[in-house]
Amino acid sequence: MIDMAVLQEINEQQRQAVTAPAGPVLVLAGAGSGKTRVLVQRLVYLVLTEQIAPSAILAVTFTNKAAAEMRERIENQLSKTSHHGTSDLWLGTFHGIAHRLLRRHTAEAGLGAGFQILDSDDQARLIRRVLRNLELDERRYPPKDLQHFINRHKDEGRRPGTLNDGIDPWQLQASRIYTAYENTCRTLNVVDFAELLLRTYELFQKNSALLEHYRERFQHILVDEFQDTNALQYNMLQLLAGPRGRLFLVGDDDQSIYGWRGARVENLQRFRQDYPRAELIRLEQNYRSTATILQAANALIRRNSGRLGKELWTSGPQGGAIRVYQAYNERDEAAFVVAELQRLYTQGLPRRQMAVLYRSNAQSRLLEERLLEHNVPYRVYGGMRFFERTEVKDALAYLRLATYAADDASFERIVNVPPRGIGNQTLELIRATARTTAQPLLATCRRLVEEHALSPRAAAAVGQFVSLLDTMRQRHADLDLGDRMALVIRDSGLEAHYAAQSDERAATRLENLGELVNATRTYCPPEGDPLDHFLAHAALEAGEGQGDAWEDCVQLMTLHAAKGLEFHAVFLVGLEEGLFPHQRAMEGGEMLEEERRLCYVGMTRAQCQLTLAYAEQRRINGLERIMTPSRFLGELPEQLLEPVRAAASWQRGARTRPNQGQQQSTPRAMPPARSSGSPASAKGSLRLGGQVRHPVFGEGTVTSIEGHGPDARIRVRFHQDKERWLLLRLAKLTTVA
Ligand code: ATP
Ligand code: MG
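The sections below set out a description of the structure shown in this document. All values derive from a computational prediction rather than experimental measurement.

So, on to the packing of helix α11 (residues 231-241) against helix α12 (residues 267-274). One can describe the packing of α11 onto α12 by two numbers: an axis separation of 11 Å at closest approach and a directional angle of 25°. Our classification of the angle between α11 and α12 gives roughly parallel. Considering the relative orientation of α11 and α12, their crossing is right-handed. Of α12, the residues touching α11 (which contributes Ala231, Tyr234, Asn235 and Gln238) are Asn267, Arg270, Phe271 and Asp274. Considering only residue class, the contact of α11 with α12 consists of three nonpolar, three polar and two charged.

Moving on, we get to α11. Judged by how many residues are buried, α11 sits mostly within the fold: 10 of 11 residues are covered. Among all positions of α11, only Ala231, Leu232, Gln233, Tyr234, Asn235, Met236, Leu237, Leu239, Leu240 and Ala241 are buried. At the N-terminal boundary of α11, the capping side chain belongs to Asn230, with an oxygen 3.1 Å from the backbone nitrogen of Leu232. Following α11 by one or two positions, Gly242 has its phi on the positive side, about 65°.

Attention shifts here to the packing of helix α18 (residues 424-437) against helix α19 (residues 441-450). The geometry of a pair of packed helices is captured by two quantities: the angle between their axes and the separation between those axes. One way to put it is that α18 packs onto α19 with a least axis distance of 9 Å and a crossing angle of 105°. When the axes of α18 and α19 are compared, the pair comes out roughly perpendicular. Across the interface between the two elements, Leu429, Ile430, Arg431, Thr433, Ala434 and Thr437 from α18 touch Leu441, Thr444, Cys445, Arg447 and Leu448 from α19. Of the residues that constitute the contact of α18 with α19, the class distribution is six nonpolar, three polar and two charged.

Counting buried positions along strand β13 (residues 567-572) gives five out of six residues, so the element sits mostly inside the fold. Two elements, strand β10 (residues 354-358) and β13, share four bridges in a ladder whose sense is parallel. Each residue of the ladder has a partner; that of Val356, found in β13, is Phe571. Of the pairings in the sheet, the one linking β13 to strand β14 (residues 606-620) comprises five bridges and is parallel in character. Across the sheet, the residue bridging to Ala569 is Gln609, located in β14.

Any two side chains of opposite charge can pair, on the condition that their charged atoms come close. Scanning the entire structure with this criterion turns up 44 salt bridges. Two residues, Glu182 and Arg159, come together in a salt bridge whose shortest N-O distance is 2.5 Å. With a gap of 23 residues between them, Glu182 in helix α8 (residues 169-188) and Arg159 in the loop between α7 (143-155) and α8 connect regions that are remote in the sequence. Each member of the pair, Glu182 as well as Arg159, carries the same accessibility label: buried. Residues Arg215 and Glu212 are paired through a salt bridge, measuring 3.9 Å at the closest nitrogen-oxygen approach. Note that Arg215 and Glu212 are positioned in helix α10 (residues 208-217) at a spacing of three residues, about one turn of the helix. One salt-bridge network, in which partners are shared between bridges, spans Lys154, Arg159, Glu182, Asp192, Glu195, Arg199 and Glu202.

Conventions adopted
- Residues numbered from 1 in each chain as written.
- Chains lettered and ligands numbered in written order.
- Predicted model: local features only at pLDDT ≥ 70, side-chain atom pairs only at ≥ 80, totals over all residues.
- Heavy atoms only, no water.
- Axes fitted to C-alpha atoms, helices over the stretch in contact; angles between N-to-C directions.
- Helix = DSSP H or I, 4+ residues; strand = E, 2+ residues; numbered from the N terminus.
- Parallel < 35°, antiparallel > 145°, perpendicular 65-115°, else oblique.
- Left-handed = near helix turned anticlockwise from the far one by under 90°.
- Contact = heavy atoms within 4.5 Å.
- Nonpolar A, V, L, I, M, F, W, Y, C, P; charged D, E, K, R; others polar.
- Buried < 20%, exposed > 50% of the residue type's maximum accessible area, 1.4 Å probe, protein only.
- Polar contact = N/O pair within 3.5 Å; in protein donor to acceptor, adjacent residues only side chain to side chain.
- Pairing = 2+ DSSP bridges.
- Salt bridge = Lys/Arg side-chain N within 4 Å of Asp/Glu carboxyl O.

What is shown is where atoms sit, not what they do.
Printed below as a string of C-alpha cells:
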C-alpha cells in the first residue's frame, strides 16, 4: 500500500523520483526544486511503503547540521504513522559514517583501539613535527602546502608509495614527507579527516567478507549534494552499492562549489557512464524563489560553459525587483544592511528568515560590530566555530592527554597553556629524547625528571605538569564525562588563567568553557565509549557553526556555508571585483565559473527578497582601496534590478569620509556621547565613581576610563558581578542618576 501522506504535496516528477524502483537513480535538478525534500520523502516511502527497515538505509548529507535536520524531519514523519524511529538509520556525512565504521572495525582497519581524530590544526602541527624530525626547512616545505599535498592525494585514494612516477623534486620530497607523516600517525594512533575516508575505502577493498556484509545490510544508499563529492567518496559509494547499484543520488552541477577542496562535478557524468541504465529524473520547477530571482539566477548561470543544462521556472509570483545598493564604503554597506534588517523586523519578519551572505569570512567582522552596536541578535554560521575556539580546543586537549597519555598532538598543544615556564630548550630536549627512544612525549617527560636529566627549574615545571596529568587521570576513573570535563577545566588552570584577566575576551572564553561542560553533560553517544565519541564529535563539528536553531537570530554566513538553506530575505554583500569573484579567480576559466556558481547558490537562497550590495571603497589589509563593481552584477538583466537610494536613517554617521571614520565609531549607547558625538565628551560625561547600568551585568560603579575613539575602555565594578573592562563603544551602558 502506498502511504498517501508521503506523496502529498509533490509534483509528478518528484513523485517519480520518490517511488522509483530500487536501482541506480540520479535526480539532476536546479536550486530549490525539491531535491532534499525528495530525498527525505524517498526515505520515508522506503520505510513505510516498501517495508525497508531504517537500519538497511544509508543516507549521506553534506554537513552534520543537514544530517540533524534531516533526521528530525524523517523522525516526525515516521512517528506519525508507524512504530519506526531513526535510531537505526545510518544518516550522516561521509566523514561521520566512515568514522562510525572505523570505530566498529578498528583492528581490521589496522588502527589501534581508541584512535583519535586529528583536525586540520592538529594535522599541521604534526606535519611541522615531521619536518623537524627530518631536519627539513619549513620555508622550503611550508606545512600548509604539505597538508594540501597529503590531503589531496588521500582524497584521490593515493598512498605515498604510488607517487614516484613523473614527479618533480619538490613533489618527490613531499611524498617522502607524506610517508614519514603516515608512519608518525600510525605510531601515535591518530587519523586525519582524509584518512577516515581512505582507511574505510581500503578496509572494504581488502576485506571482502566485511564488504559483503555491508552490501547486504545497506539495501539503499541515498546521497544529497552529490555534485560536491570527491573521487574517493564516489569510489566508496560504488564499492558499497555493489552490483545491485541501489544508489539514489540528488545533485545540481550548477551548485558545485567545492572544486577547490577536491570535489568532482564530473562524478555526475561518471555516474551516468558507470550506470548506463540508471534512471535520470530532472526537476525544473522551483518552489523557493520568486520568478524575478529565478530569472536573474538563470541568466547568470547561463554564462557558464559545460553545464548539463536546465532552466528553473516557477508558478509562483513574479516578486519585487532585486535591489542593488551602492555603498560609499564598507561601513556604509554594513550600516545599510543592518538598517534594512531592522526595518524588516519591525515589519514582522522573524530574524531567522534573514540572511547576510559574503564571500570571505573576514567580512563578517564589520557586520557583527554593527549588529552588536544596534543590539540585533545574530549568529555566524561557520565563522565562530565553537569547537575551533582556542580555549575549547585547549580543554579538549587536556581531556585527551589525561586519557591517552601517548597523544603527542595534545601534549604539544597544552604543555605551556596556561604558561608554566617550560622553556624552548627543555621542550627541544624532550622532543629529541622522545624521538630517539620512540616514546611518547609525556612518558619522556616523566623519564627525564626521574633521571635528573633536567635543570632543577625545568625539572620542577615539567614534574608539575606530569603530576597534574597523573592526578587528572586518577580522579577521572569514576567520573562521568561532564564531571571529567569540569574537573579538567578547573585543574588544568585554564579557568583561573582566564578568570584572572578582566577583559571581555577572557569573559567570553570562560563562557565558552562553561558551554563546553554543558556540551559534555548533554551529550548522548550513539554507542560505545562516550569520551571517544565526544572527542570525535568535537573534531567533526569544528568545521561547522554551532548554534541554537530555535533562537530568533539574523543569520550571517559565507556563501559556501549557505548551501542547501533558504531564507525569506537575503543580502549578498561585497559584490566587488577581487572580493567576489575572488582575486584568485579573476583570470577566468574554471575558477571563475566556480565563483559564478557560488553567486548562483547565494542568489537562489532567497525566497522573496534579494538585495545585492557593493562598496565603492573598501579597507583591505589596512589600505583604503577603490573598488569596481563585480562582473556578476553586470551579468544580471538590468530590468530585474532596482537601485536603492541611501535613506537618511542609516546615512547619518555611516556615510562618512575615511578621515572622519573615527566619529562614526563613537559610543552610541551613552546619551551624552550621542548628542555631542565626540569620544572626549563621551568620556567627560562619565565620571569615576559614577553609576552605570549594563544590560547583562546590571548596575555598577565606574572605576577607570581609558583610551579614545573606538578603543575607549571603561572599567566597572558591578554590584552583582565582578569588576570588568568593557569596550565603551560596544558595552550598551546607560548612566544611572
Ligand atoms: P537546493 O538545491 O538549494 O539544495 P533543493 O532542490 O534541495 O534546493 P528543497 O530545499 O528540497 O530544494 O526545496 C526547496 C523548497 O521548496 C522547500 O521549502 C520545500 O519545502 C519546497 N518544495 C519542494 N517541493 C515542493 C512541492 N512539490 N510543493 C510545495 N513546496 C515544495
Ligand atoms: Mg537541497
